Structures are given as structure tokens and as C-alpha cells.
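Chain by chain, the residues run as shown.
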Protein chains: 2
Amino acid sequence: MLETQKIDEYFMRQALMQAQLAEENGEVPVGVVIVCKKVIVAKAHNQTEQLRDATAHAEMIAITSAANHLNSKYLKDCTLYVTLEPCLMCATASMWSQVGRIVYGATDLQRGFQNYDMEVLHPKTLCTSGVLEGECAHILTNFFQKKRGK
Amino acid sequence: MLETQKIDEYFMRQALMQAQLAEENGEVPVGVVIVCKKVIVAKAHNQTEQLRDATAHAEMIAITSAANHLNSKYLKDCTLYVTLEPCLMCATASMWSQVGRIVYGATDLQRGFQNYDMEVLHPKTLCTSGVLEGECAHILTNFFQKKRGK
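Residues numbered from 1 in each chain as written. Chains lettered and ligands numbered in written order. Predicted model: local features only at pLDDT ≥ 70, side-chain atom pairs only at ≥ 80, totals over all residues. Heavy atoms only, no water.

**Section: the packing of helix α1 (residues 3–24) of chain A against helix α4 (residues 133–149) of chain A**
Residue and element names in this part refer to chain A.
So, point 1. Between α1 and α4, whose axes approach to 10 Å, the crossing angle comes to 10°. The pairing of α1 with α4 is recorded here as roughly parallel in orientation. Where α1 abuts α4, its residues Met-12, Arg-13, Leu-16, Ala-19, Gln-20 and Glu-23 lie against Glu-135, Cys-136, Ile-139, Asn-142, Phe-143 and Lys-146.
So, point 2. Of the residues in the contact of α1 with α4, the class split is six nonpolar, two polar and four charged. (Axes fitted to C-alpha atoms, helices over the stretch in contact; angles between N-to-C directions. Helix = DSSP H or I, 4+ residues; strand = E, 2+ residues; numbered from the N terminus. Parallel < 35°, antiparallel > 145°, perpendicular 65-115°, else oblique. Contact = heavy atoms within 4.5 Å. Nonpolar A, V, L, I, M, F, W, Y, C, P; charged D, E, K, R; others polar.)

Given below as C-alpha cells:
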């Protein structure tokens, strides 16, 4: 396995742990970690229910948290790992923050930013998809199946 | 003048006062107020410099603030007044929050959500543009002219 792939899977597992935390709180299980020079500088999970704020997506919370931690508006040296493909809001937030790289797990066929035929990300942002895709998708389908079964 | 137009201009003036506050703090002067049943429930201005967070747009701060104030994820009964056409991030944030109506002043030909040939807003969100357009545009052009002149 390539070194980059190993590193990506390692950090995606950390993002999955965040998604797990979201699930435990009754939130749609999406998790994020932001990594700068191989160190996690922010982690967050979806908190739209807990905060009663529909914009409290894991990516938004993590971007603000990373900016605070690094005391920098821009996150050019950072990689954002997220278990689900970001929506347009979060993808555009990454553009404003000039996130260096985005790595996501599961594809979001409904709300994912790549459903739109347009450039949303910053031109310098690299993007990798499908890292631990199965696990990232499973935690979501499992959550919604349980919810429907209630 | 129609009653709605009068009301819109009244609240846009409040949003302009927020933009003025932004300018005084060296921020790109964009201001927002969110109104629910004719009462302002949130006001905010762009704080990307002050907070060193590129996602700290006036709309994002105001939406979170209104959700907190009303203790509601959704802002269906709210009108968001903003001096500048929202970007994709903020327009999508309004979609997630199901903002009832958006009223904006100046058009943003570079980053405005209406530059994209797609439905970003919630299907039930009404949108009015061009309210106090001249004043909303002037505060921005004036800010950038001063900045260039430095």
C-alpha cells in the first residue's frame, strides 16, 4: 500500500470516530479531522441537532476550529478528511479558507458538491474521494435504517 | 411606495448599519439583519479578519445567531436582509436553514450565488434583489477604493 494511502486511511479512521460520536448523539453521522503537517489541528462532528443550527456541519465547525487553532484565515497547508462528500456550503467554505486538500469517503449523490457541473473548490485545492468509502457509507446507511425502523 | 418596499428599505438600512460597523473594523463592509414577525432576531457583519476565519461571513454568523435566539434549526418565518448578494456558501446555508425570504441589496458579479445556473436556495425561499442597491454597492466600492489608495 502506498504511504499516502496509508496516511489517508489513518486519518479517515479518526474522522470515522468523529462520525461515531455524532451517531451516539443522535446526529447524522458525519465526521471530520483537519490535519496540518501530519498533526490533527481540529476535529468535529455534525451537530445540527445538538446546536439546533442547520449550518452546524462537521466541516464548518472544523474549519473554524482549525483557523482558531492556527490563528490563520487560510488553511493552505491543511488536509480536511471528511467521511461524506461535502455539500455546496462546506465545499465553498473550503474555497474561502483555501484548504490545501480535501479527502472524502462516501459519495453524496443528493447533496454532494460534485453533483454540480461547476468549479466550487479553490483552484489550488486537491481532492481525493473514496477513502474507506464502504465504512463511511455504512455508518450512514445504518443510521438511517435504524431511524426508519423506529 | 408599497408597504413591503417600505419595510424592506427600513430593514436594509439596519443591515447597512451593520456593514458600516464592519467597515469601521477594517472588514469588507457587508451587513445582515434577520427579521421574524417584523422584529430583528439577529444582526451581524462580516468578521473574517477579526475572527481570522474566512467563513465568518455576516450571513453565517446571523443564521447561527437567529437559530440560537429562536431555538429553532429552521428559519421558515424569517427574512434575511443582506447588503450584498450571498455567496454559494451563504446561499446554501440559507437552504439548510430554510430561510423564508432573502432580500439583498447589491449584486455580486464575481461570487454571488445567482451567477451559477442552478437552484441553490430552498424551493420555498423567496428572493428579492436590488433593495437600496446604490447605497449597498457604494459602501463596498468606497471601501475597496480607499484600500487601493493606501
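Structure shown, so let's carry the discussion forward.
**Some points on the sheet that holds strand β5 (residues 126–128) of chain A**
All names here are of chain A.
So, point 1. Ordered by their spatial adjacency, five strands build an open sheet running β2-β1-β3-β4-β5, and the pairing between neighbours is mixed. Of all the strands in the sheet, just β2 (39–45) and β5 have a single pairing partner and so form its edges. Ignoring which end each strand starts from, the neighbouring axes of this sheet average 15° apart.
So, point 2. In the sheet, strand β1 (residues 31–36) pairs with strand β3 (residues 78–84) via five bridges, with the strands oriented antiparallel. When the sheet's bridge partners are listed, Val-35 is paired in β3 with Thr-79.
So, point 3. Helix α2 (residues 58–70) rests against β1, β2 and β3 of the sheet, and its axis sits at about 145° to β2. (Pairing = 2+ DSSP bridges.)

**Side note on the sheet that holds strand β2 (residues 39–45) of chain B**
Residue and element names in this part refer to chain B.
So, point 1. With mixed pairing, five strands are arranged side by side in an open sheet as β2-β1-β3-β4-β5. Of all strands in the sheet, those with a lone pairing partner are β2 and β5 (126–128), marking the two edges. Within this sheet the neighbouring strands show an average axis-to-axis angle of 15°, counted without direction.
So, point 2. For strand β3 (residues 78–84) and strand β4 (residues 101–106), the ladder comprises five bridges, and the chain directions are parallel. Note on β4: the bridge partner recorded for Val-82 is Tyr-104.
So, point 3. Packing against the sheet, helix α2 (residues 58–70) makes contact with β1 (31–36), β2 and β3, and its axis sits at approximately 145° to β2.

**Considering the state of the cysteines**
Residues and elements named next belong to chain B.
So, point 1. Overall, the coordinates contain zero disulfides over all chains when judged by the stated rule.
So, point 2. A disulfide-free cysteine, Cys-87 has its sulfur positioned 3.9 Å from the sulfur of Cys-90, the nearest such atom.
So, point 3. Since its relative accessible area comes to 6%, Cys-87 is described here as buried.
So, point 4. For the unlinked cysteine Cys-127, the closest cysteine sulfur is that of Cys-90, found at 13 Å. (Disulfide = S-S within 2.5 Å. Buried < 20%, exposed > 50% of the residue type's maximum accessible area, 1.4 Å probe, protein only.)

**Observations concerning the pattern of salt bridges**
In a structure, side chains of opposite charge can pair up when their charged atoms sit close to one another.
So, point 1. Applying the stated criterion across every chain, the model contains six salt bridges over all chains.
So, point 2. Residues Glu-49 of chain B and Lys-73 of chain A are paired through a salt bridge, measuring 2.8 Å at the closest nitrogen-oxygen approach. Here Lys-73 of chain A lies in the loop between α2 and β3 and Glu-49 of chain B lies in the loop between β2 and α2, a pairing that spans two chains.
So, point 3. On the accessibility criterion, Glu-49 of chain B (38% relative accessible area) is partly exposed.
So, point 4. Judged by relative accessible area, which is 13%, Lys-73 of chain A ranks as buried. (Salt bridge = Lys/Arg side-chain N within 4 Å of Asp/Glu carboxyl O.)

**A look at the interface of chain B and chain A**
In many reports, interface size means the accessible area that the parts give up when they come together.
So, point 1. Each side of the interface is counted separately: chain B has 28 residues, and chain A has 28 residues.
So, point 2. Across the chain B/chain A interface, buried area totals approximately 2,400 Å², and carbon plus sulfur atoms make up 64% of it.
So, point 3. Scanning the region where chain B abuts chain A turns up two salt bridges.
So, point 4. If you look at where chain B meets chain A, you find eight residue pairs in polar contact (both at pLDDT 80 or more).
So, point 5. Residue assignment for the side of chain B that touches chain A shows that the elements contributing at least two residues are α2 and α3 (88–96) of chain B.
So, point 6. Counting residues per element, the side of chain B that touches chain A draws most heavily on α3 of chain B, which supplies six residues. (Buried area = accessible area lost by both parts, 1.4 Å probe. Polar contact = N/O pair within 3.5 Å; in protein donor to acceptor, adjacent residues only side chain to side chain.)

**Some words on unusual backbone geometry**
Residues and elements named next belong to chain B.
So, point 1. Not every positive phi belongs to a glycine, and Lys-38 is a case in point at roughly 65°.
So, point 2. Under the relative-accessibility criterion, Lys-38 is labelled exposed at 61%.
So, point 3. Located in the positive-phi region is Arg-52, a residue other than glycine, with phi close to 50°.
So, point 4. Take Arg-52: it is sitting in the loop between β2 and α2.

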